[in-house]
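Residue-level structural notes
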Amino acid sequence: MSDLTAEDAKLVTLARATRARTGAAEGAAIRDADGRTYAAATVALPSLAVSALQVCVAMAVAGGSQGLEAAVVLGDASELAPADLAALSELAGPGVVVHRGDARGTIASTSTT
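Summary of the structure given here. On a predicted model such as this, the values are computed, not experimentally measured, just so you know.

A few points about the overall build of the chain
- When helices and strands are tallied, the chain shows three helices and seven strands.
- Relative to a compact globule of 113 residues, whose C-alpha radius of gyration would be 13 Å, the chain shows 12 Å and is just as compact.
- Seen through its C-alpha atoms, the chain measures out along the principal axes to roughly 35 × 30 × 25 Å.
- Counting across all 113 residues of the chain, residues that qualify as buried make up 42%.
- Residue pairs at least 24 apart in sequence account for 55% of intrachain contacts in the chain once pairs closer than 6 positions are excluded.

Describing the pattern of salt bridges
- Summed over the entire model, instances satisfying the criterion amount to seven salt bridges.
- Note that Asp34 and Arg36 form a salt bridge whose closest N and O atoms lie 3.4 Å from each other.
- Ionic contacts of the salt-bridge type, sharing partners, join the residues Asp8, Arg31 and Glu69 into one network.

Some thoughts on the side chain of His99
- Position of His99 among the secondary structure elements: in strand E6 (residues 97-101).
- At 2.9 Å, the side chain of His99 forms a polar contact with the side chain of Thr110.

Considerations on the pairing of E6
- The buried count for E6 comes to four of five residues, which makes it a mostly enclosed element.
- By the bridge criterion, five bridges tie strand E5 (residues 68-74) to E6 in an arrangement that is parallel. Opposite Val73, over in E6, you have Arg100 as the bridge partner.
- A crossover links E5 with its parallel partner E6, the connecting element being helix H3 (residues 82-92), and its sense is right-handed.
- Note: E6 against strand E7 (residues 107-112), five bridges, orientation antiparallel. Its bridge partner being in E7, Gly101 is matched across the sheet by Ile107.
- Between E6 and E7, which pair antiparallel in sequence order, lie five residues; one of them, Gly105, sits at a positive phi of approximately 95 degrees.

Rules behind the numbers
Sequence order sets the numbering: in each chain, residues are counted from 1 along the sequence as written. Only residues with pLDDT of at least 70 are given local features in this predicted model, and only at 80 or more are side-chain atom pairs given and counted; all residues enter the totals for whole chains, interfaces and linings. Working from all heavy atoms in the structure, the side-chain values ignore hydrogens and water. Put simply, DSSP H or I for four residues or longer makes a helix, DSSP E for two residues or longer makes a strand, and each gets a number counted from the N terminus. Atoms counted for the radius of gyration: C-alpha only. Globule rule: 2.2 Å times the number of residues to the power 0.38. Per-residue accessibility, obtained with a 1.4 Å probe over protein chains only, is compared with the maximum for each type, and a residue is labelled buried under 20%, exposed over 50%, and partly exposed between these values. Residue contacts follow a heavy-atom distance rule, with two residues in contact if any of their heavy atoms lie within 4.5 Å. For salt bridges, the criterion is a side-chain nitrogen of Lys or Arg within 4 Å of an Asp or Glu carboxyl oxygen. For the purposes of these results, a polar contact is taken to be a pair of N or O atoms within 3.5 Å, where, inside protein, one atom must be able to donate a hydrogen and its partner to accept one; residues adjacent in sequence count only when each atom of the pair is a side-chain atom. In short, DSSP must find at least two bridges between two strands for them to pair. The path from the first strand over the helix to the second decides the hand: if it runs clockwise while the strands point away from the viewer, the crossover is right-handed.

The values are spatial; any link to function lies outside them.
Now the structure itself:
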């Protein structure tokens, strides 16, 4: 995490803690354009399945966010699912930093929307 900004390192901490607390497949955290943060874990119920990043985006939209500055997703997948990227891009627009890492918080890749 040494090459992350201090604010992005906070997102890693939030995503990691949320995932660990729930034992979910993924943890995610985002920072909106106003500096507010949202953290969530994968929801995997028989009647509802939502990725951690999709929960974060939904929380931001429900909170009135108009855009995003950064996102972190931690889990076993090597890349974002197309539905996750679509939701993120729809709210964030182009140029938003997305960090992808493992469950321990080690960032494997950084890209932008």
